[in-house]
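# Geometric and topological summary
Next come the chains, spelled out residue by residue.
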Amino acid sequence: MTDRQKELLNSLGDVLENLADECENDSDFHELIIKNNHLFPASLTDMAAEIKNLID
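Residues numbered from 1 in each chain as written. Predicted model: local features only at pLDDT ≥ 70, side-chain atom pairs only at ≥ 80, totals over all residues. Heavy atoms only, no water.

Time to look at the overall build of the chain. Helix and strand counts for the chain come out as three helices and zero strands. Reading the chain from its N end, one meets helices and strands in the order α-α-α. Projecting the C-alpha coordinates of the chain onto the three principal axes gives extents of approximately 40 × 20 × 15 Å. The burial tally for the chain puts 18% of its 56 residues in the buried class. Nonlocal contacts in the chain, meaning residues at least 24 apart in sequence, comprise 66% of its contacts between residues at least 6 apart. (Helix = DSSP H or I, 4+ residues; strand = E, 2+ residues; numbered from the N terminus. Buried < 20%, exposed > 50% of the residue type's maximum accessible area, 1.4 Å probe, protein only. Contact = heavy atoms within 4.5 Å.)

On the surface, a cluster of negative charge is made up of Asp21, Glu22, Glu24, Asp26, Asp28 and Glu31. Among the secondary structure elements, those contributing two or more residues to the negative patch are helix 1 (3-25) and helix 2 (27-35). Assignment of secondary structure puts Glu24 in helix 1. Owing to a relative accessible area of 65%, Glu24 belongs among the exposed residues under this scheme. (Patch = residues over 30% accessible without salt bridge, like charges linked within 9 Å, V, L, I, M, F, W, Y side chains within 5 Å. Areas by Shrake-Rupley, 256 points an atom, 1.4 Å probe, with all protein chains shown as cover. Salt bridge = Lys/Arg side-chain N within 4 Å of Asp/Glu carboxyl O. Lys, Arg positive; Asp, Glu negative; His and termini not counted. Charge placed at Lys NZ, Arg CZ, Asp CG, Glu CD.)

What follows covers the nonpolar core. Soluble, globular proteins show a tendency: their nonpolar side chains are buried together. Leu16, Ala20, Cys23, Ile33, Phe40, Leu44, Met47, Ala48 and Ile51 together form the largest nonpolar core, which totals nine residues. Looking at this core, the elements with two or more residues in it are helix 1 and helix 3 (44-55). For this core, the leading source of residues is helix 3, giving four residues. Excluding anything up to four places from it in sequence, Ala48 contacts Gly13, Leu16 and Glu17. (Core = buried A, V, L, I, M, F, W, Y, C linked by side-chain atoms within 4.5 Å.)

For the rest of this paragraph, the subject is the packing of helix 1 against helix 3. It is at 8 Å that the axes of helix 1 and helix 3 come closest, and there the two elements cross at 160°. In terms of their interaxial angle, helix 1 and helix 3 are classed as roughly antiparallel. Helix 3 is crossed by helix 1, and the crossing has left-handed handedness. Residue-level contacts link Lys6, Leu9, Asn10, Leu12, Gly13, Asp14, Leu16, Glu17, Leu19, Ala20 and Cys23 of helix 1 to Leu44, Thr45, Met47, Ala48, Ile51, Lys52, Leu54 and Ile55 of helix 3. Of the residues assigned to the contact of helix 1 with helix 3, the class counts are twelve nonpolar, three polar and four charged. (Axes fitted to C-alpha atoms, helices over the stretch in contact; angles between N-to-C directions. Parallel < 35°, antiparallel > 145°, perpendicular 65-115°, else oblique. Left-handed = near helix turned anticlockwise from the far one by under 90°. Nonpolar A, V, L, I, M, F, W, Y, C, P; charged D, E, K, R; others polar.)

Okay, here's the thing in structure tokens:
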């Protein structure tokens, strides 16, 4: 894996973590994510962790 690919995966993990934080802080946003769960096959936190594990 190239350094650029690692950067991109790390950035994606960061975005998912930030989305998860927003879900915790804003119930309306959380409901929006839940209503669109077809876009997110797992919890945002779990997806972020899995993506970041790819880098290691």
